[in-house]
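# Architecture at a glance
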Amino acid sequence: MKFMKQFGIILAVTFLGEVLKYLIPLSIPASIYGLVLMLLALCTGVIKLEQVKEAGTFLIEIMPMMFIPAAVGLMDSWGQIKGICVPLIVITLATTVIVMAATGLVTQLIIRKGKKEENERDA
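Residues numbered from 1 in each chain as written. Predicted model: local features only at pLDDT ≥ 70, side-chain atom pairs only at ≥ 80, totals over all residues. Heavy atoms only, no water.

## Side note on the packing of helix α1 (residues 2-23) against helix α3 (residues 53-61)
For the pair α1 and α3, the least separation of the axes is 8 Å and the interaxial angle reads 80 degrees. Judged by the angle between their axes, α1 and α3 are roughly perpendicular. Within the contact between the two elements, α1 uses Lys 2, Phe 3, Gln 6, Phe 7 and Ile 10 and α3 uses Lys 53, Glu 54, Ala 55, Gly 56, Phe 58 and Leu 59. Taken together, the residues of the contact of α1 with α3 sort by class into six nonpolar, two polar and three charged. (Axes fitted to C-alpha atoms, helices over the stretch in contact; angles between N-to-C directions. Helix = DSSP H or I, 4+ residues; strand = E, 2+ residues; numbered from the N terminus. Parallel < 35°, antiparallel > 145°, perpendicular 65-115°, else oblique. Contact = heavy atoms within 4.5 Å. Nonpolar A, V, L, I, M, F, W, Y, C, P; charged D, E, K, R; others polar.)

## As for the side chain of Ser 77
Within the secondary structure layout, Ser 77 lies in the loop between α5 (68-76) and α6 (78-81). Owing to a relative accessible area of 19%, Ser 77 belongs among the buried residues under this scheme. A polar contact of 3.0 Å, which involves the side chain of Ser 77, links it to the backbone oxygen of Gly 73. (Buried < 20%, exposed > 50% of the residue type's maximum accessible area, 1.4 Å probe, protein only. Polar contact = N/O pair within 3.5 Å; in protein donor to acceptor, adjacent residues only side chain to side chain.)

## Digging into the nonpolar core
Listed in full, the eight residues of the largest apolar core are Ile 9, Ile 10, Val 13, Met 38, Ala 41, Ile 47, Val 52 and Ala 55. Element by element, the count of residues in this core is highest for α1, at three residues. Excluding residues within four positions of it along the chain, Val 13 makes contact with Gly 34, Leu 37, Met 38 and Ile 47. (Core = buried A, V, L, I, M, F, W, Y, C linked by side-chain atoms within 4.5 Å.)

## What about the pattern of salt bridges?
Counted by the stated rule, this structure contains one salt bridge. Where Lys 2 meets Glu 54, a salt bridge forms, and the shortest distance between an N and an O atom there is 3.5 Å. With Lys 2 in helix α1 and Glu 54 in helix α3, this residue pair connects regions lying 52 residues apart in the sequence. A relative accessible area of 53% places Lys 2 in the exposed class. (Salt bridge = Lys/Arg side-chain N within 4 Å of Asp/Glu carboxyl O.)

Put into structure tokens, the structure is as follows:
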């Protein structure tokens, strides 16, 4: 029953994201609205982490399975994309490197900031 309640909370936030997508005429996916709503709800304490933690962990664990339909869709449309395969691979590799570098830099910045604040508190 605990998982049902947690999934219900996650689905409710997802539904609110869909509603926002319908109400706000921007080209932002509903999933992004839902993620921002969940972040705000967790940061403000409207939703406690314990209320969604186990269901969220489960969803993260099965995430690789969610990519199977997309991979099958790519294989199904191979005839359409084989002419642009090289540019797709180059773009994919380049953006992967850029995202990894940006993530690493932001992480280092946050760690340094945390250490700096910690040193200021200790001094």
